[in-house]
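What follows is each chain in one-letter form.
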Amino acid sequence: MNNIIVLPMIVPIITAIFLVFLRDSIKLQRIVSLITMVFVAVVSIVLLQLIQTEGILRLDFSGWAPPFGILFVADSFAVLLVLTASIVTAICLIYAFSTIGPRHERMFFYPFVLLLVAGVNGSFLTGDIFNLFVCFEVMLLASFALIALGGEKFQLREALKYVLINIVASWMFLLALAYLYGTLKTLNMAHISQRVAEVGQEPILTLVSLVFLIVFALKAGLLLFFWLPGSYSVPPTVVQALFAALLTKVGIYALFRTFTLMFPFDPEVTHTLIGIMAGLTIIAGCMGALSGHDVRTIATYNVVIGVGFILLALAIGTEEAMAGAVYYLIHDMIAKALLFLIIGTMVFLTGEIVVKNMSGLIRNYPLFGWLYFIVMCALVGIPPLSGFIGKVLIGQGAVETGSYVLLALGFGSSVIVLYSLLRIFLASFFGETSISEDDKKPIPRGAMVSFMLFALCIVGLGVGAEGIAVYVNDAAYTLVNPSVYVDAILNANE
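This is a predicted model, so every value here is computed, not measured.

Definitions and cut-offs
Residues numbered from 1 in each chain as written. Predicted model: local features only at pLDDT ≥ 70, side-chain atom pairs only at ≥ 80, totals over all residues. Heavy atoms only, no water. Helix = DSSP H or I, 4+ residues; strand = E, 2+ residues; numbered from the N terminus. Expected span 1.5 Å × (residues − 1). Buried < 20%, exposed > 50% of the residue type's maximum accessible area, 1.4 Å probe, protein only. Polar contact = N/O pair within 3.5 Å; in protein donor to acceptor, adjacent residues only side chain to side chain. Core = buried A, V, L, I, M, F, W, Y, C linked by side-chain atoms within 4.5 Å. Contact = heavy atoms within 4.5 Å. Phe/Tyr/Trp six-rings, centres within 6.5 Å; stacked < 30°, edge-to-face > 60°. Axes fitted to C-alpha atoms, helices over the stretch in contact; angles between N-to-C directions. Parallel < 35°, antiparallel > 145°, perpendicular 65-115°, else oblique. Left-handed = near helix turned anticlockwise from the far one by under 90°. Salt bridge = Lys/Arg side-chain N within 4 Å of Asp/Glu carboxyl O.

**Q** Would you mind going over the environment of L421 with me for this structure?
**A** One can find L421 in helix α18 (residues 404-429). In this structure the C-alpha to C-alpha distance between L421 and F388, which are 33 residues apart in sequence, comes to 17 Å.

Here you go:
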């Protein structure tokens, strides 16, 4: 039964290869890609149930038992993110069906999206840090192709910047892996945790962990986010939404795994530094959101603020804060995808990106306007929507540990998020309409369906939070008690 652990990665890869041969069969590409993501979501739900009954699951490739072989590991934290990524991608595909256009669809849009999801899911499920590097590279190649999709000059410029920065990050990743293997003679995450616990986190290991921190901070947009605004603003709207929902979350996941499982033994250095970086990220993101004049820039800096807020929980380190981080990660993936889809649709309807040049949208598109209001309230953390519970739990964790500076930064950022998004809402949706009757465009039906589905997820995640509480609490317990993960991998056969 453990063989299903590999399906969230291998099925999208196989499907992507299959779709390459269906380049001109656009309808078939749409159907197959959507069915694939629904299938992965169903597999993820099955895995979550199995974890509750059987504990953490693992799959040893080629029969090589840990720590000698490559393996995939399914715990509640990883599978919750796989499930959320699959749902987000499926809904974004529905949006793409009516907006991306045949030209992009014939340029292998669907295969690249599936390869991106394969890299993301593989990163969440791998139990081997070298495999994490491999999955990062799969994700990098697919995201590079999606940024450049369309071949416009500005896209190629940002794609080149994106790939060069990630090449540097990949080189640093390999360097850290070499030092890690040279020191501990293993790349299995659970075995690394065990070895570090046995020998102690010596200065050389703390130094290696700080190199990993830089690498994953680049991926997550933690302080080192200078590449992010350009890369997130040039692709098609649906690609922007996928990037905002998925890419930074893989870096965040890697940071949580690294500093709760492999290198948790020198928190005075590592976790303090993460807290400082998270605080500075929030401040920089707030400054960018306040100074931005166009809707895409404001939305992008809200992604940066979200990254900083989630990583406050890692710096705080309590089980309550970790549960809040898991809740907020799930919420942020859904809400940021909806925000970017709505922002992109606003640009499509008005032909403008500057906030002050848009107005009166709610007169022509009332439901569209109130959907924006829902996602704005969710990102601010207004109950009973999805962002509320995560913010409260992280805040409670900060109070427990006396981290009042982090608490003030985290909840102060909510005010800035409210102001920046409310500025768009008041300026773009109210006032005299900027769209004449002759220029009025209908919102594609698929786009409205995707908006409604995301809005239902946001409301459902907030109102029905108890329904996933058991999985979130299990994920938080495993993060705070790494011995649970280590025993499930290394001692399962004893």
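Structure shown, so let's carry the discussion forward.
**Q** Would you explain helix α6 (residues 129-148) in this entry?
**A** Because each turn of an α-helix spans 3.6 residues, side chains separated by three or four positions in sequence point in the same direction. If you check α6, its first and last C-alpha atoms are 29 Å apart, about what 20 residues at 1.5 Å a residue would give, namely 28 Å. Across the 20 residues of α6, 14 count as buried, placing the element largely inside the fold. You can read the cap of α6 off the contacts: a side-chain oxygen lies 2.8 Å from the backbone nitrogen of F130, and it is on D128.

**Q** Where do I start with the nonpolar core in this structure?
**A** Side chains that are nonpolar tend, in soluble globular proteins, to be buried together. Membership of the largest hydrophobic core comes to 201 residues, with the highest contact counts inside it found for F109, I129 and F451. The element best represented in this core is helix α14 (residues 319-350), accounting for 22 residues. Setting aside residues up to four positions removed in sequence, F109 forms contacts with L93, A96, I100, H104, L146, L149, V238 and V239.

**Q** I keep staring at the packing of aromatic side chains and nothing clicks. Help me out?
**A** The relative placement of two aromatic rings is captured by the distance of their centres and the angle of their planes. Counted according to the given criterion, the structure contains 28 aromatic pairs. Between the aromatic rings of F136 and F216, the centroid separation amounts to 5.9 Å while the plane-to-plane angle is 85°, which identifies the pairing as edge-to-face. Of this pair, F136 sits in helix α6 while F216 sits in helix α9 (residues 203-220), placing them 80 residues apart in sequence. Neither residue differs from the other here; F136 and F216 are each classed as buried. Here the aromatic rings of F173 and F216 are separated by 5.4 Å at their centres, their planes lie at 90°, and the arrangement is edge-to-face. With F173 in helix α7 (residues 153-184) and F216 in helix α9, this residue pair connects regions lying 43 residues apart in the sequence.

**Q** Help me understand α14, please; the structure alone is not making it clear to me.
**A** Under the 1.5 Å per step criterion, the end-to-end length of α14 is 46 Å for 32 residues, consistent within 8% with the ideal 46 Å. Here α14 lies mainly inside the structure; 29 of its 32 residues are buried. Positive backbone phi, approximately 75°, marks G351, located one or two places after α14.

**Q** Explain the environment of K440 to me, please; I cannot follow it from the model alone.
**A** One can find K440 in the loop between α18 and α19 (445-463). In this structure, the C-alpha to C-alpha distance between K440 and A284, residues 156 residues apart in sequence, is 37 Å.

**Q** Is there a simple way to think about the packing of α14 against α19 in this case?
**A** Geometry of a packed helix pair, given as the angle between the helix axes and the separation of the axes. Here α14 crosses α19 at 150°, and the two axes come no closer than 10 Å. Between α14 and α19, the crossing angle belongs to the class labelled roughly antiparallel. Here the hand of the crossing between α14 and α19 comes out left-handed. Residue-level inspection shows I330, H331, I334, A335, A337, L338, L341, I342 and T345 of α14 in contact with α19, the latter providing S450, F451, F454, A455, C457, I458 and L461.

**Q** Please clarify how the pattern of salt bridges should be interpreted in this entry.
**A** When the charged atoms of two side chains with opposite charge come close together, those side chains can pair. Enumeration according to the criterion identifies eight salt bridges in this entry. Salt-bridge contacts for R257 lead to D75; the nearest nitrogen and oxygen are separated by 2.6 Å. With R257 in helix α11 (residues 237-262) and D75 in the loop between β2 (71-74) and α3 (76-97), this residue pair connects regions lying 182 residues apart in the sequence. Assigned by exposure class, R257 and D75 land together as buried. With its nearest N and O atoms 2.6 Å apart, the salt bridge here joins D332 to K336. Of the two residues, D332 and K336 both sit in helix α14, four residues apart, roughly one turn of that helix.

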